[in-house]
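# Remarks on the overall topology
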Amino acid sequence: RLGITAESQAEASAVVAAEVARLDAEAKAEAADLAAEAEEQQAVAAEAAQVAAEETQVEARAALSEARAVFEEAAAALEAAAAAMGAAESAVEGGETAIEEAMAATEARRAAAAAARARAAAARMAAAAAAQAAAQAAQASTRRPALSSDLGSDE
């Protein structure tokens, strides 16, 4: 009646179906691209987190070595102080010279103890920085998988 035939309806339906199929294929390809990109980002984030963890481990080892060196120096300073005290005791009869030696040894011990405290403080700060870096690396690696799982749920 209006020029609409079964044949023209079938042609129109076929055109619409082809367009729907094309759009569906484009959407699926876009979703696959997004999923691949999310996986790539997750892999990069995991690699960065591993590198940060390895750096943190190296820093922690360095801080531990520094602390060991500080404690060894402190032990050596204590031994030197003990030796100086022994020498001072045996030289008490030597009078003024012995007193001056004891005072010099005490000053040396104080200086060594101050240096040991400074190194220990530096080691603590390095250990705290390493712990903070590890926490940030762990936090970064837990954020990345959440992003990719959000992208995956849109499919």
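Residues numbered from 1 in each chain as written. Predicted model: local features only at pLDDT ≥ 70, side-chain atom pairs only at ≥ 80, totals over all residues. Heavy atoms only, no water.

### Examining the overall build of the protein chain
Using the following cut-off: Counting from the N terminus, the helices are DSSP H or I runs at least four residues long and the strands are E runs at least two residues long. Three labels apply to residues, based on accessible area from a 1.4 Å probe with only protein chains included: buried if under 20% of the type maximum, exposed if over 50%, partly exposed otherwise in between. Residues count as neighbours in contact if any of their non-hydrogen atoms are within 4.5 Å of one another. Surface accessibility follows the Shrake-Rupley procedure with a 1.4 Å probe radius. Residue values consider only the protein chains on display as shielding.
Helix and strand content of the protein chain: two helices and zero strands. Burial statistics for the protein chain: of 155 residues in total, 12% are counted as buried. Counting contacts in the protein chain only where the partners sit at least 6 residues apart, residues at least 24 apart contribute 89% of the total. Carbon and sulfur atoms make up 60% of the accessible area of the protein chain, which totals about 11400 Å².

### Comments concerning helix 1 (residues 6-90)
Spacing of three or four residues puts side chains on the same side of an α-helix, whose turn is 3.6 residues. Spelled out, the test is: Helices are assigned an expected span. That span is 1.5 Å times one less than the residue count.
For helix 1, which comprises 85 residues, the first-to-last C-alpha distance of 124 Å matches the rise-based estimate of 126 Å (1.5 Å per residue) to within 8%. Buried residues of helix 1: Ala 38, Ala 45, Ala 49, Thr 56, Ala 63, Ala 67, Val 70, Ala 77, Ala 81 and Ala 88, and no others.

### Structural notes on the pattern of salt bridges
Rule in force here: Here, a salt bridge means any Lys or Arg side-chain nitrogen found within 4 Å of an Asp or Glu carboxyl oxygen.
All told, the structure shown has five salt bridges when counted by the stated rule. Here Arg 22 makes a salt bridge to Glu 26, at a shortest N to O gap of 2.3 Å. With a gap of four residues between them, Arg 22 and Glu 26 both fall in helix 1, about one helical turn apart. A salt bridge links Asp 24 to Lys 28, with the shortest nitrogen-to-oxygen separation between them at 3.4 Å. Here Asp 24 and its partner Lys 28 are both found in helix 1, four residues apart, which amounts to about one turn of the helix. On the accessibility criterion, Lys 28 (56% relative accessible area) is exposed. Linked by salt bridges that have partners in common, Glu 19, Arg 22 and Glu 26 make up one network.

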